[in-house]
Amino acid sequence: QVQLVESGGGLVQAGGSLRLSCAASGRTFSHHAMGWFRQAPGKEREFVAAISWSGGSTYYADSVKGRFTISRDNAKNTVYLQMNSLKPEDTAVYYCAAARVDYELGLFQRDYVHWGQGTQVTVSS
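Below: a short report on this structure. (Residues numbered from 1 in each chain as written. Predicted model: local features only at pLDDT ≥ 70, side-chain atom pairs only at ≥ 80, totals over all residues. Heavy atoms only, no water.)

1. Observations regarding the overall build of the protein chain
Now for step 1: Summing up its helical and strand segments, the protein chain has zero helices and 11 strands in all.
Now for step 2: Going residue by residue from the N terminus, the α and β elements of the protein chain occur as β-β-β-β-β-β-β-β-β-β-β.
Now for step 3: Computed over C-alpha atoms, the radius of gyration of the protein chain comes to 13 Å, within 12% of the 14 Å expected from 2.2 N^0.38 for 125 residues, which places it in the range of a compact globule.
Now for step 4: Over its C-alpha atoms, taken along the principal directions, the protein chain stretches across nearly 40 × 25 × 25 Å.
Now for step 5: Sorting the 125 residues of the protein chain into buried and exposed places 45% on the buried side. (Helix = DSSP H or I, 4+ residues; strand = E, 2+ residues; numbered from the N terminus. Rg over C-alpha atoms; globule rule 2.2 N^0.38 Å. Buried < 20%, exposed > 50% of the residue type's maximum accessible area, 1.4 Å probe, protein only.)

Put into structure tokens, the structure is as follows:
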């Protein structure tokens, strides 16, 4: 069982940066591909970024490509999302998730079996 706790959200002006962290408990963290999703008010939760268990492969939604960077530190059981050049449309609750152990990368919510509680990111214009 993997438990996930996100942190690092907050209020930032457009053009600013934030770094989200997701701390995982459990000894199997390094076996899981990890992902970040977000859900804006009134919208469905959407994929943001994913990283393989080794960190060697990453994938991004087109809306964040070139602005966001996902990374992980398996020694610290932590995955990060560096968000630069933030826009008001990035405002959402951000969730980290752990994929099924046999997945190289997870691009869909159905690929993930463990979810955090989320952290709010608000970008003001």
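Structure's up, so let's keep going.
2. Let's talk about the pairing of strand β7 (residues 68–73)
Now for step 1: The alternating pattern of β7 places F68, I70 and R72 on a buried face and T69, S71 and D73 on a face that is not buried.
Now for step 2: As paired strands, β7 and strand β8 (residues 78–83) are joined by six bridges and run antiparallel to one another. Pairing of R72 across the sheet is with V79, part of β8.
Now for step 3: Between β7 and β8, which follow one another and run antiparallel, lie four residues, and N77 among them has a positive phi close to 50°. (Pairing = 2+ DSSP bridges.)

3. A word on the pattern of salt bridges
Now for step 1: A complete count under the given rule lists four salt bridges for this structure.
Now for step 2: D90 is paired through a salt bridge with R38; the nearest N and O atoms lie 2.9 Å apart. Highlighted residues: D90 in the loop between β8 and β9 (92–99) and R38 in strand β4 (residues 34–39), separated in sequence by 52 residues. When sorted by exposure, D90 lands in the same class as R38, which is buried.
Now for step 3: For K65, the salt bridge is made with D62, and the minimal N-O distance between the two is 3.1 Å. (Salt bridge = Lys/Arg side-chain N within 4 Å of Asp/Glu carboxyl O.)

4. With respect to the packing of aromatic side chains
Now for step 1: Within this structure, the stated rule accounts for five aromatic pairs.
Now for step 2: Both rings, one in F47 and one in Y59, keep their centres 6.1 Å apart while their planes meet at 40°; by these two values the pair is tilted. Note that F47 is positioned in strand β5 (residues 46–51) and Y59 in strand β6 (residues 58–60), a separation of 12 residues in sequence.
Now for step 3: For Y59, a relative accessible area of 41% gives the class partly exposed. (Phe/Tyr/Trp six-rings, centres within 6.5 Å; stacked < 30°, edge-to-face > 60°.)

5. Comments concerning the sheet that holds β7
Now for step 1: Read across the open sheet, the four strands follow the order β1-β3-β8-β7; overall the sheet is antiparallel. Two strands bound the open sheet, and with one partner strand each, they are β1 (3–7) and β7. Neighbouring strand axes in the sheet, compared pairwise and without regard to direction, differ in orientation by 15° on average. (Axes fitted to C-alpha atoms, helices over the stretch in contact; angles between N-to-C directions.)

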